[in-house]
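Take a look at the letters that make up each chain.
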Amino acid sequence: MNPPDPSAPDLKSLLQRLKLNSLLERHEELARQAIEKRWSHLTYLEHLIEGECLDRQHRLVERRILAARFNVIKTLDQFEWDWPGKINEAQIRNIFRLGFIEKKSNVIFMGTCGTGKSHLSVALAYHACQRGHSVLYSTAIEALNLLVAAQAAHRLRAELRRYLAPSFVVLD
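Attention in this report is confined to the structure presented alongside it. (Residues numbered from 1 in each chain as written. Predicted model: local features only at pLDDT ≥ 70, side-chain atom pairs only at ≥ 80, totals over all residues. Heavy atoms only, no water.)

### Here we look at the environment of Arg56
- By the secondary structure assignment, Arg56 is in helix α3 (residues 41-68).
- For Arg56, a relative accessible area of 40% translates into the label partly exposed.
- In this view, Arg56 contacts Lys19 and Leu20; residues no more than four positions away in its chain are not counted. (Helix = DSSP H or I, 4+ residues; strand = E, 2+ residues; numbered from the N terminus. Buried < 20%, exposed > 50% of the residue type's maximum accessible area, 1.4 Å probe, protein only. Contact = heavy atoms within 4.5 Å.)

Structure below.
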C-alpha cells in the first residue's frame, strides 16, 4: 500500500467544499461497517449517497415547513374524529391524498367554532409540505391586513406574488 500523497486534498475538505454534510458526518462510520460486513465499494457508495439524499430531503421538508409559517403543527393523527360527529372521515382522508393541488382546485372547510377546521387546515398544509409542495399558511385577517397595507404602500403586486408563489395556500 502506498503512503498518502501529502499534496492531495483530504476527503474531509473536499466533502466540506462540496457541502456534502451527511457524507462528511457518516463516511468513517459507514467505512467501518463496510469493512465489518464486507460490503463492495458500490454498496458502500450506495449507503453513503442514500444517507445524503435522505438528509437533503429532510432539510428540504424542514425549509418548507418554516416557509409555510405555521403557528403550530397539527397532524391528521392528532384529530379527534368522535367530535363533532358530522365529519366525514373518508372524505377528509381522500382530501389528504392532495389531488386537489395538481388539479389547482380548492378545499374549503366550513363549520361552527370548535369543529376542527383549523386543525384540519394546518394538518393538510403540513402533510403537503412533507409531500414536496410549497405551502403558505396565514389567517384570513393577517392576509387581508398585509394586502391592504401593501396596496396603500403601492407594493400590492409584490405582496400578491407571495400568495401566488406556493402551490398550496391556507387562509384560516
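Having seen the structure, we can now continue with the description.
### What about the nonpolar core?
- Counting residues in hydrophobic clusters, the biggest one holds 25 residues, and the most contacted among them are Phe70, Ile92, Phe100, Leu124, Val135 and Phe168.
- Looking at this core, the elements with two or more residues in it are α3, α4 (89-95), α5 (99-102), α6 (117-130), β1 (135-138) and β2 (168-171).
- The leading source of residues in this core is α6, at eight residues.
- Beyond its immediate chain neighbours, meaning those up to four positions away, Ile92 contacts Leu76, Trp81, Ile87, Phe109 and Leu120.
- Counting five residues, the second-largest nonpolar core is a separate cluster that includes Leu15, Leu20, Leu23 and Leu30. (Core = buried A, V, L, I, M, F, W, Y, C linked by side-chain atoms within 4.5 Å.)

### Focus: the packing of helix α7 (residues 140-152) against helix α8 (residues 156-164)
- Here α7 crosses α8 at 155 degrees, and the two axes come no closer than 8 Å. The orientation of α7 with respect to α8, classified from their angle, is roughly antiparallel. On α8, the residues touching Ala143, Leu146, Leu147, Ala150 and Gln151 of α7 are Leu156, Glu159, Leu160, Arg162 and Tyr163. (Axes fitted to C-alpha atoms, helices over the stretch in contact; angles between N-to-C directions. Parallel < 35°, antiparallel > 145°, perpendicular 65-115°, else oblique.)

### Let's talk about unusual backbone geometry
- Positive phi outside glycine occurs at Arg38, with the angle close to 60 degrees.
- Secondary-structure assignment places Arg38 in the loop between α2 (21-37) and α3.
- By relative accessible area, Arg38 is classed as exposed at 76%.
- Even without a glycine there, the phi angle at His154 is positive, about 60 degrees.
- Here His154 shows up in the loop between α7 and α8.
- We classify His154 as exposed; its relative accessible area is 76%.

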